[in-house]
Structures are given as structure tokens and as C-alpha cells.
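Chain and residue survey
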Amino acid sequence: MRKINYIYLCTLIGNLSGVPIRLYDNGKQTFYHSLAHLPKDPLTAYEGEVLRIDAHIGYFITPTFHYYGIVSDSRHKIVVGPTIQTENNDRTLRELALRCNVPPEDAGAFINGMKTIVHMPLDSIMQMLCAVNYIMNGEALNVGDITIYDSEQESLRSMLLQEQAAIDMTIDNSTRYETDKTHNTLAVERTIMDFIRKGDVEGLKNWTKKAPAVRGGVLAGNQLRQMKNTFIVSTTLAARAAISGGMDANDALTLSDSYIRKCELLNSEESIMNIQFRMVSDYTERVERLHVGENASGFVTDVANFIQHNISRPITTEDVAKAMYMSRSRLSTRFKAETGENLSDYIVREKIEEAKHLLSHTNESLSAISAYLAFSSQSHFTRQFKKIAGRTPGEYRERSRK
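Residues numbered from 1 in each chain as written. Predicted model: local features only at pLDDT ≥ 70, side-chain atom pairs only at ≥ 80, totals over all residues. Heavy atoms only, no water.

Points about the side chain of Thr92
- Along the chain, the position of Thr92 falls in helix α3 (residues 90–99).
- Discounting residues that sit within four places of it in the chain, Thr92 has contacts with Thr64 and His66. (Helix = DSSP H or I, 4+ residues; strand = E, 2+ residues; numbered from the N terminus. Contact = heavy atoms within 4.5 Å.)

Next comes the structure, spelled out in C-alpha cells:
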């Protein structure tokens, strides 16, 4: 059997793709190569999940929607990533640095290094790994064998036309009318999309407790595919509703693509139901954060979007004024007039809201969260948190997990 030089292979792939690459031998990392200078390997936070993938070719999508490609043989595993098709924003990268326990003094270098990684669509990563898989396992696979499930499109089209014709011939108009009445998705859809558009988190929570059973159309031949197809439709609609509610269009559509890719990896009805609820809640919460005051104008929404994009940076009123192409005094006066709140107070309040999320959903230390949100010190963070939330960060974390 021809011996494969795995280190040479990995080095070549890393140089050609511009994406970090690692080699594992019986579960132990033996080689790492990256053209990007990274103080810490971003895979650190997800190594366990990635290494559990035992298919010859697979991929893993992180909570920040970066993806890794994996190719394995009986002994070796090559992991390429992370990369992403869209631009990385600083907030996402600071969150990734936090998850990887990058020291605060190295966070800037980590973010800059991540920005130099070549952007690639998932299909390109998978095509590259198909070539590597051919070398390692002798399998002539292509992307369609891994991610595309509909083959022989013309045959499928013919079959669907025949099925529809048979249905049309056997159902009379009165029966068809009764069948159509079983669909109640339009009313439910309008209700949920309205919650998202308004950013009404509390309303969504209350409605969910007594939500009606959804009677939708049949979109697939098995339940798992049915749920995934429904999720794709729901996510597309949710993104449009969020855009109507003021969310940045690129942010909303990128989030939609990421959720859909994540859903495609799931293999249980329960997990798809959970991610569907998380997706709707996520969009609603993001829009809610943009609504300042009872009748937020486009100006206020633009200010809120800027602050959300830069939540992990030190943000001053002057920074916002430059982004809005306004003088500092005019910005402050207009924001206070439209919202009833000082802009500097709003910035701190939004940072504390982000801190609440991190305290509830991560195990990061208070010092790490404080540094991530660009507070001058942990004591300053604690004082501001208690002033706004009514309790210390530690107390809030303990209560949120009961």
C-alpha cells in the first residue's frame, strides 16, 4: 500500500486554501498549520464535538456559524477550519475569543488573525475534502454525495407531475376545499412574524405557552425531512420579519443561512423543534434590542444597530456620532428627544444586557466577560451591573440557573 505523507498533504492544503488545518493520529493532534497568526487555535472550544464526527467526510458548524471540514480514515483525521462565507464582525470574533479563553491582551491579535483567514463557502471546503478523501480512502465522492440528496432531477419532476395529476383527477372541488381548511399555518405564521417584527419577546413567550397545534401541508415523505423543510420556510420568513422590524438586512439574511445550515446537521425531531424555537426567539430578541422608546425611528434603529455591532468595543458618543455622520451634540439631543434616554446610559445598558446573556448561557469568568465587553475593570463592570440589574453578576448567574 502506498504510504501517505500526511504532513506534506496538510501543509499543501493549508497553503492553498489559506485556512488553518490540523492532523490527528489516533485522536492526538500531531500537526497544526496556519497562514493566519492566531494566539490560540479557534478549534479549542469545539475540539471534542469535531473529533466525535466519525464519517469519512463531515462538517461542523459552531454557535458563531463558522464551519470546520473533517476527513478521516481508520487512524487519521484532518480538520480544516474555521472559515465562513461572509465577513466576520468584531463582535462575533470577540465572542469566539471569549469561548476559546484567549487572554484579553491577546484578543486584538486573535481578531486580526481571524480576519486574515480566507473566506470560503461550505461547498468549497467539502470539494477540497472530497479530493483529500480520495487520497486517504480511495473513495471517488463529490459534494452531492455528502450534502445534496435529490438526484435525477428530471425523473423527479416527472414523478411529481404524475402524482399531482392523479390527485387532481381523484379530488372533487368540495373535497379539495375541506382539505385546504386543515391548513392553519397562515394565521400562526402571521402571529409569530408579528412578534418578531415588533421585537415582542414577552408576547412571544406568553403566546408559546398556549400556542395551537400547527396543521401544515406535507412537504416531504418522512417526518425528519418535513420538519427541516418547514424550518427552512420559517427561517426565511423570520428573517424578512426581522428586517421589517429594523434589523440590518445583511445580518438577518446571514443569520438565516447559518440557522438553516445548522438545522441540516440535526437528526432528531426534538432537536429541530428546539432550534426552531431558538431561531424565532433569537430574531425577536435581536429586534427588541433595536427598539428604543415606544416609536423608534429609523435614526434610533440605526444607532441601536451600530451599538449591537460594536458591543464588545469601548463605545463613546463620539464614535456613534461619526458613524451617523452627525455632530456629537446633535446626536445626543436627537437621541434623548426620541427615546427619553441619554445615549451614554443606553450604551451601558446594552452592554449589561449582553452580560446577562453571557452569564446565563456560558461558563466564562466575570473577568473574561468584563474584558469582552470592554469595561475598564471588573469592579467597574460589577458596579454598573448591580446599578442596572439590581444584583451583582455572580448573584444574577446563580439565580438564572436555578
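A few points about the packing of aromatic side chains
- Here the structure, examined in full by the defined rule, presents five aromatic pairs.
- With a centroid separation of 6.0 Å and 45 degrees between ring planes, the pair formed by Tyr46 and Phe60 is classed as tilted. Of this pair, Tyr46 sits in the loop between β2 (28–33) and α2 (47–51) while Phe60 sits in strand β3 (residues 57–61), placing them 14 residues apart in sequence. There is no split in this pair, since Tyr46 and Phe60 are both buried.
- Aromatic side chains Phe335 and Tyr346 sit 5.5 Å apart centroid to centroid with 45 degrees between the ring planes, which places their arrangement in the tilted category. Within this pair, whereas Phe335 is found in helix α16 (residues 328–339), its partner Tyr346 is found in helix α17 (residues 343–361), the two being separated by eleven residues in sequence.
- Three or more aromatic residues link up through ring pairs in this structure, and these residues are Phe375, Phe381, Phe385 and Tyr396.
- Positioned above the aromatic ring of Phe299, the side-chain terminus of Arg334 is 4.1 Å from the ring centre. (Phe/Tyr/Trp six-rings, centres within 6.5 Å; stacked < 30°, edge-to-face > 60°. Buried < 20%, exposed > 50% of the residue type's maximum accessible area, 1.4 Å probe, protein only. Lys NZ or Arg CZ within 6 Å of the ring centre and 35° of its normal.)

A short note on the confidence of the model for the chain
- For the chain, mean pLDDT is 81; residues scoring 70 or higher make up 83% of the total.
- A low-confidence stretch, residues 148–157 stays under pLDDT 50, and its non-local contacts, those more than four residues away or across chains, total two contacts.
- Within the model, pLDDT remains below 50 along residues 171–184, and this stretch shows ten contacts once partners closer than five positions in the same chain are excluded. (pLDDT = per-residue confidence, 0-100.)

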